[in-house]
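Chain by chain, the residues:
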Amino acid sequence: MSKLTALHEAVSRLDALWADADDSAELSRADLVSVTDAVAQVQRRLDAVQVDVAAGVARESRPELGPDSLAKQQGYRTPGKMLAAALGVSTGDALRLIKVGAGAAPRTDLLGAKLPAKYPYVREALHAGAVSAQAAAMIIGLLDRCRVAAGAERIAEGEKLLSEAAVGLGLDELRKLLVRAEAWLDPDGVEPRDDEKRAQRSLTVFERNGMIHFNGRLDAESGAPVVAALRGYVSAAFAARKDAVDPDAPDADRRTVAMIQADALSVFCSHMLGCTAKGPILAGATVVVRLNLDDLTSGTGSATIDGLDQPISAAAARRMAASGGVIPCVLGGESEILDWGRKKRFFTPAQRLALVERDGGCAMCGLPPQMTRAHHLRWWQRDAGPTDLSNGVLLCETCHHRIHDNGWEVRIDGSGTSARVWFIPPPGVDPARTPRLGGRARFDLVA
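A short tour of the structure in this document, coming up. Note that the structure is a prediction, hence the values are computed from the model and not measured.

1. Side note on the overall build of the protein chain
Moving on, step 1. Helix and strand counts for the protein chain stand at 16 helices and 13 strands.
Moving on, step 2. Within the protein chain, the proportion of its 447 residues that are buried is 37%.
Moving on, step 3. Accessible surface computed for the protein chain: about 25400 Å², of which carbon and sulfur atoms make up 55%.

Written as structure tokens, this is what we have:
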């Protein structure tokens, strides 16, 4: 099927779904869901066409053509400027289209013989309407960046895995995947990147209009304790608000998250100055650094910090493990018993660490571990559910209520920390009830 034929079919489907409605206000909820999917398909199909066109414009505007360059003949200095004006986008967006076109379009050698695309799996995903041009640009950017360090074979494997894993992910989720993929493609590059980011850390303080302003940037190693403490303080504040006798009382806590974090910073600094009052309980405010035993032994490779996307080097992980308030979680070595059956009602700290390793945070929406609780799938009292990993899942309060109130089901396939969590939507959301992958597995490059 040609790209234009696929585009026509996508537009026809959208036209049929929209039918006689004048605007979205006349569409039912089911229609809105279907129209949203149709619009997304049209956009991705159009992206595939734009990418091919961008590749053609760039090819016909290459520097060696001189005055015969297509862009120059049209009155533009570069093909990027020409495409930006035609599409009504920024020059940067136009250059990204050209870059994707260069990576996904077929090539020719010096004799004019046809060659496959530089990134055939990305090209296939684009032409199938499975990924957008923006997603393709992010994948190609990573592959180009790691191409020399990883080698052709590793890059080809990574391209295939990323092209498949990107389907159904938003760009924010794709960025998380790519951060982990970069550490997988170029493990030796993690430590130099750590050093570079650490050299860029800064915190400035100034006063303006009666307010104190902070402007800071921290590398993952330095920032992890800060993030964990702030999130723990926020979680504790919300837990106290939930347990309040009268949440509508005039003195009830109505602070925003930003306000609570500002108060937390003040409280922490007051204690450092010698305040004798007891500090608040920080719910789940523990920094957990996870790395493989082989990487710990050799000092190579990378580690991850719960609640942060950016991986760190094994050397940085060992430095953090020597600090107070940091738990090093070494995977592959001996561990505590993680299944307690009916002997314990509440999940132990060791079990929670294992759930975080499997779920990465809220298994449904991805909120950091510090903002989640361990919940029984089969309830302890009503269903006599055991306190085992296979019967537990990490969820934030919002997702916990959404599952119970809207009829979602949770299924866990496998055992231990390598198991996969699936969320099965109710018929009103998806009549086919197609399971949706949750937890950390969404961002695992290699199963």
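So that's the structure; there's more coming.
2. Some details on the packing of aromatic side chains
Moving on, step 1. Per the stated rule, a full pass over the model turns up one aromatic pair.
Moving on, step 2. Aromatic side chains Y233 and F268 sit 5.8 Å apart centroid to centroid with 85° between the ring planes, which places their arrangement in the edge-to-face category. Placement of the pair is Y233 in helix α11 (residues 220-242) and F268 in helix α12 (residues 257-272), with a sequence separation of 35 residues.

3. So, the side chain of S163
Moving on, step 1. Tracing the sequence through the fold places S163 in helix α8 (residues 152-165).
Moving on, step 2. Taking the relative accessible area as the measure of exposure, S163 reaches 7% and is therefore buried.
Moving on, step 3. Separated by 2.8 Å, the side chain of S163 and the backbone oxygen of E159 make a polar contact.

4. As for unusual backbone geometry
Glycine aside, residues mostly have negative phi, and peptide bonds are mostly found in the trans state.
Moving on, step 1. In this structure, N209 takes a positive phi of about 55° despite not being glycine.
Moving on, step 2. Inspection of the secondary structure puts N209 in the loop between β3 (202-208) and β4 (211-217).
Moving on, step 3. Even without a glycine there, the phi angle at R433 is positive, about 50°.
Moving on, step 4. Within the secondary structure, R433 sits in the loop between β12 (420-424) and β13 (436-438).

5. Observations regarding a negative patch on the surface
Moving on, step 1. On the surface, a cluster of negative charge is made up of D20, D22, D23 and E26.
Moving on, step 2. Considering the arrangement of structural elements, one finds E26 in the loop between α1 (3-18) and α2 (29-59).
Moving on, step 3. Owing to a relative accessible area of 47%, E26 belongs among the partly exposed residues under this scheme.

6. What to know about a nonpolar patch on the surface
Moving on, step 1. On the surface, L203, V205, I212, F214 and L265 cluster together into a nonpolar patch covering about 500 Å² of accessible area.
Moving on, step 2. For the nonpolar patch, the secondary-structure elements that each account for two or more residues are β3 and β4.
Moving on, step 3. Here L265 shows up in helix α12.
Moving on, step 4. When its relative accessible area of 39% is taken as the criterion, L265 is described as partly exposed.

7. Topic: the nonpolar core
Moving on, step 1. In terms of nonpolar packing, the biggest core is built from 38 residues, with L126, L162 and L185 touching the most fellow members.
Moving on, step 2. Put simply, the parts of the chain that give this core at least two residues each are α2, α4 (79-87), α5 (91-104), α6 (120-127), α7 (133-150), α8 and α9 (171-185).
Moving on, step 3. It is α7 that provides the largest number of residues to this core, a total of 11 residues.
Moving on, step 4. Core analysis: the next-biggest nonpolar cluster, separate from the first, contains 13 residues, A363, M364, C399 and W408 among them.

8. Thoughts on the pattern of salt bridges
Moving on, step 1. Scanning the entire structure with this criterion turns up 19 salt bridges.
Moving on, step 2. One salt bridge connects D144 with K118, and the closest N-O pair in it is separated by 3.1 Å. Pair noted here: D144 is in helix α7 and K118 is in the loop between β2 (114-115) and α6, with a separation of 26 residues, a long-range link.
Moving on, step 3. When the shortest N-O distance is used, the salt bridge between R241 and D253 registers 3.4 Å. On the criterion of sequence distance, the pair formed by R241 in helix α11 and D253 in the loop between α11 and α12 is long-range, its members being 12 residues apart.

Each value, and the rule that gives it
- Residues numbered from 1 in each chain as written.
- Predicted model: local features only at pLDDT ≥ 70, side-chain atom pairs only at ≥ 80, totals over all residues.
- Heavy atoms only, no water.
- Helix = DSSP H or I, 4+ residues; strand = E, 2+ residues; numbered from the N terminus.
- Buried < 20%, exposed > 50% of the residue type's maximum accessible area, 1.4 Å probe, protein only.
- Areas by Shrake-Rupley, 256 points an atom, 1.4 Å probe, with all protein chains shown as cover.
- Phe/Tyr/Trp six-rings, centres within 6.5 Å; stacked < 30°, edge-to-face > 60°.
- Polar contact = N/O pair within 3.5 Å; in protein donor to acceptor, adjacent residues only side chain to side chain.
- Patch = residues over 30% accessible without salt bridge, like charges linked within 9 Å, V, L, I, M, F, W, Y side chains within 5 Å.
- Salt bridge = Lys/Arg side-chain N within 4 Å of Asp/Glu carboxyl O.
- Lys, Arg positive; Asp, Glu negative; His and termini not counted.
- Charge placed at Lys NZ, Arg CZ, Asp CG, Glu CD.
- Core = buried A, V, L, I, M, F, W, Y, C linked by side-chain atoms within 4.5 Å.

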